[in-house]
Amino acid sequence: MKIVILLLFIYTAALSATKPKIVILATGGTIAGVGQSSVTGQYQASKLPVENLLQAVPEIQDLAIVEGEQVCQVSSQDMTGEIWLQIARKVDEVVNQADVDGVVITHGTDTMEETAYFLNLVIQTRKPVVMTGAMRASGSLSADGALNLYNAVALAASPQAPGKGVLLCFNDQIHAAREVTKVNTTNVNAFQTPEFGILGYIFYGKASFYRESVRKHTFRSNFNIKEINTLPKVAVFYSHADFDSSLIGQSVKNGIQGIVFAGTGNGNPSEATIQALARSVKNNVSVVRSSRTGRGPVTLKAEVDDEKYGFIVADNLNPQKSRILLMLALTQTTDIAKIQQMFFEY
Ligand code: GLU
């Protein structure tokens, strides 16, 4: 009898030794949400602690040795630069532990793409960092959080995931942090990569990749949170017909350090706005032209003489992610040519 127990113990130990170790960092969102009934859209996000998320999906224990930690408990519309730095330092600490194979971050969907891109730029690792969440609260009919979490753990544990940058795993699809965006307010198919398509699928834990994101990220990134304590103030302005260009001067007076202008079409500001942005550049504010269209690169010197005004173009980075790259760029330089180069590389 003793021998059987000993063999069983050795077998279990050997089995767990071969399993990858994945750390789940919880930050809040609908995946931690509690609703009033299973058939209502009314719920409170960011309520359940990480222990509940792990207990709700016992199947993840078959995939990996899983540990959970609550980093914060916020709905992602309340995300701040300070919390980003806190999450990034935690991820950095975890991926630097030799026995950890990957990280999963549970997060609200509203700004998940922004946190993903921030981490994509500042975490220098080849280990998988996978973000996931849910569109339906935990008690809802067909709640999507459990399978999303299962797939995210499987992806973080997959031998195919290392070196691919921060990944967003949602609704059976794998997206790259740089290119993914939230495209739906309520549907479980809330994320898309409009320009280039998904990186791959993950079906009940089995990942299949078809492409990679080629821009600099994670282990090839030159941004490093060890050297960053606060993030510069950068605002996004969304263009429209009859845009009030005086808003730009007011934000410069308020001490803004950078502006991302989500222009119409090829990142176009109105004539009056060009003048307001040019005055901002003269006041040492960095100006990036992005586009509100959601697709296509903003190109240098098309309708706007960028060289003359000292403007930078965002390439095809969306406005909210352009803001992140500009903030990180400004921690290193205010040189227009150098920042422009970063927008072509990251
Ligand atoms: N607005 C909340 C958030 O982004 C809940 C939405 C969600 O997670 O899907 O955290």
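Up top you'll find the structure we're talking about.
Source: prediction; values computed, not measured.

A. Summary view of the overall build of the chain. Helix and strand counts for the chain stand at 11 helices and 16 strands. For 346 residues, the compact-globule estimate of 2.2 N^0.38 gives 20 Å, and the chain sits close to it at 22 Å. Taken along its principal axes, the extent of the C-alpha atoms in the chain is 85 × 45 × 35 Å. Classification of the 346 residues of the chain by burial places 54% in the buried group. At a minimum sequence separation of 6, the contacts of the chain that also span at least 24 residues come to 71%.

B. Inspection of the pattern of salt bridges at higher detail. A full pass over the atoms with the stated rule returns 12 salt bridges. Between Lys90 and Glu69 there is a salt bridge whose closest N-O contact spans 2.9 Å. One end of the pair, Lys90, is in helix H4 (residues 81-95); the other, Glu69, is in strand S4 (residues 65-70), and 21 residues separate them in sequence. On the basis of relative accessible area, Glu69 is assigned to the partly exposed category, the value being 32%. Across the pair Lys226 and Asp92 runs a salt bridge, and its minimum N-O distance is 3.5 Å.

C. Up close: the site of the ligand. Every residue lining the ligand is accounted for by Gly29, Thr30, Tyr43, Ser75, Ser76, Gln77, Gly108, Thr109, Asp110, Ala134 and Met135. Side-chain polar atom of Ser76 to an oxygen atom of the ligand: 2.6 Å apart, as the coordinates give it. Contact distances for the ligand include 3.0 Å between an oxygen atom and a backbone N or O atom of Ala134. Its free accessible area being 280 Å², the ligand has 92% of it covered by the protein chains. Considering only residue class, the shell around the ligand consists of 3 nonpolar, 7 polar and 1 charged.

D. A look at unusual backbone geometry. Positioned with a positive phi, Ser46 is a non-glycine residue whose angle comes to about 55°. Locating Ser46 in the fold gives a position in the loop between strand S3 (43-44) and helix H2 (50-56). Even without glycine at this site, Asn171 takes up a positive phi of about 50°. Tracing the chain through its elements places Asn171 in the loop between strand S7 (167-170) and strand S8 (173-176). Owing to a relative accessible area of 27%, Asn171 belongs among the partly exposed residues under this scheme.

E. Representation of the sheet that holds S4. An order of S4-S1-S5-S6-S7-S8-S11-S12 is seen for the 8 strands of this open sheet, with the pairing classed as mixed. Across the chains shown, the open sheet's two edge strands, defined by having one partner strand only, are S4 and strand S12 (206-209). Adjacent strand axes in the sheet meet at a mean angle of 25°, parallel and antiparallel pairs treated alike. Here S8 pairs with strand S11 (residues 200-203) via 2 bridges, running antiparallel. Among the inter-strand pairings, Ile174 is bridged to a residue of S11, identified as Gly200. With respect to the sheet, helix H6 (residues 145-157) is in contact with strand S1 (21-26), S4, strand S5 (102-106), strand S6 (129-132), S7, S8, S11 and S12, its orientation differing from that of S5 by roughly 155°.

F. Structural detail: the sheet that holds strand S16 (residues 312-313). Spatially, S13-S14-S15-S16 is the arrangement adopted by the 4 strands of the open sheet, whose pairing is parallel. The sheet is open, and its two borders are formed by strand S13 (234-238) and S16, each paired with just one other strand. Of the pairings in the sheet, the one linking S13 to strand S14 (residues 258-263) comprises 5 bridges and is parallel in character. Directly across from Phe237, in S14, lies its bridge partner Phe261. With respect to the sheet, helix H7 (residues 246-253) is in contact with S13 and S14, its orientation differing from that of S14 by roughly 160°. Helix-sheet contacts for helix H10 (residues 319-330) involve S13, S14 and strand S15 (286-291), and the interaxial angle to S14 is about 160°.

G. Main features of the nonpolar core. Ile105, Phe118, Leu119, Leu121, Val122, Leu328 and Phe343 are the most contacted members of the largest nonpolar core, which has 57 residues in total. Secondary structure elements with two or more residues in this core: S1, H4, S5, helix H5 (112-122), S6, S7, H10 and helix H11 (336-345). Take this core: its biggest share by element is 8 residues, from H4. Val122 has contacts with Ala88, Phe223, Ile225 and Leu328, leaving out every residue within four places of it along the chain.

H. Representation of the environment of Ala314. If you trace the backbone, Ala314 turns up in the loop between S16 and H10. Its relative accessible area of 0% is what places Ala314 among the buried residues. Expressed as a C-alpha distance, the spacing of Ala314 and Ser290, which sit 24 residues apart in the sequence, is 5.0 Å. Not counting the four nearest positions on each side in its chain, Ala314 is found in contact with Val288, Arg289, Ser290, Val298, Ser322 and Phe343.

I. Highlighting the pairing of S5. Burial within S5 is extensive, with 5 of its 5 residues counted as buried. Of the two faces of S5, both are covered, the one formed by Gly102, Val104 and Thr106 as well as the one formed by Val103 and Ile105. Where S1 and S5 come together, 5 bridges link them in parallel fashion. Along S5, the bridge assignment pairs Ala26 with Thr106. As paired elements, S5 and S6 share 4 bridges and run parallel to each other. When the bridges of S6 are listed, Thr106 appears paired with Thr132. In this region the chain leaves S5, passes through H5 and returns to the parallel neighbour S6; the handedness of that crossover is right-handed.

Conventions adopted
- Within each chain, residues carry numbers counting from 1 in the order of the written sequence.
- For a predicted model such as this one, the threshold for reporting local features is a pLDDT of at least 70, and the threshold for listing and counting side-chain atom pairs is 80 or more; totals across whole chains, interfaces and linings nevertheless cover every residue.
- The side-chain values count all of the structure's non-hydrogen atoms but skip hydrogen atoms and water molecules.
- We count a stretch as a helix when DSSP gives it H or I for four or more residues in a row; a strand needs E for two or more, and each element gets its number in order from the N terminus.
- Atoms counted for the radius of gyration: C-alpha only. Globule rule: 2.2 Å times the number of residues to the power 0.38.
- Summary of the burial criterion: residues with accessible area below 20% of their type's maximum are buried, those above 50% are exposed, and those between are partly exposed, where the area comes from a 1.4 Å probe applied to protein chains only.
- Here, residues are in contact when the closest pair of their heavy atoms is within 4.5 Å.
- A pair is scored as a salt bridge if a Lys or Arg side-chain nitrogen falls within 4 Å of a carboxyl oxygen belonging to Asp or Glu.
- Proximity is defined per residue: if any heavy atom of the residue lies within 4 Å of a molecule or strand, that residue is considered near it.
- The term polar contact refers here to a pair of N or O atoms within 3.5 Å; inside protein, the definition further demands a hydrogen-donor-capable atom paired with an acceptor-capable atom, and it admits residues adjacent in sequence only when both atoms are side-chain atoms.
- Method for areas: the Shrake-Rupley scheme with a 1.4 Å probe, in which residue coverage is limited to the protein chains shown.
- Amino acids are sorted into nonpolar (Ala, Val, Leu, Ile, Met, Phe, Trp, Tyr, Cys and Pro), charged (Asp, Glu, Lys and Arg) and polar (every other residue, Gly among them).
- Two strands pair if DSSP finds at least two bridges between them.
- Geometry is summarised by axes, namely lines fitted to C-alpha atoms with helices restricted to the contacting stretch, and by angles between N-to-C directions that run from 0 to 180 degrees.
- Throughout, nonpolar core names a set of buried Ala, Val, Leu, Ile, Met, Phe, Trp, Tyr and Cys residues whose side chains join them through atoms within 4.5 Å.
- Seen with its strands pointing away from the viewer, a crossover is right-handed if its path from the first strand over the helix to the second goes clockwise.

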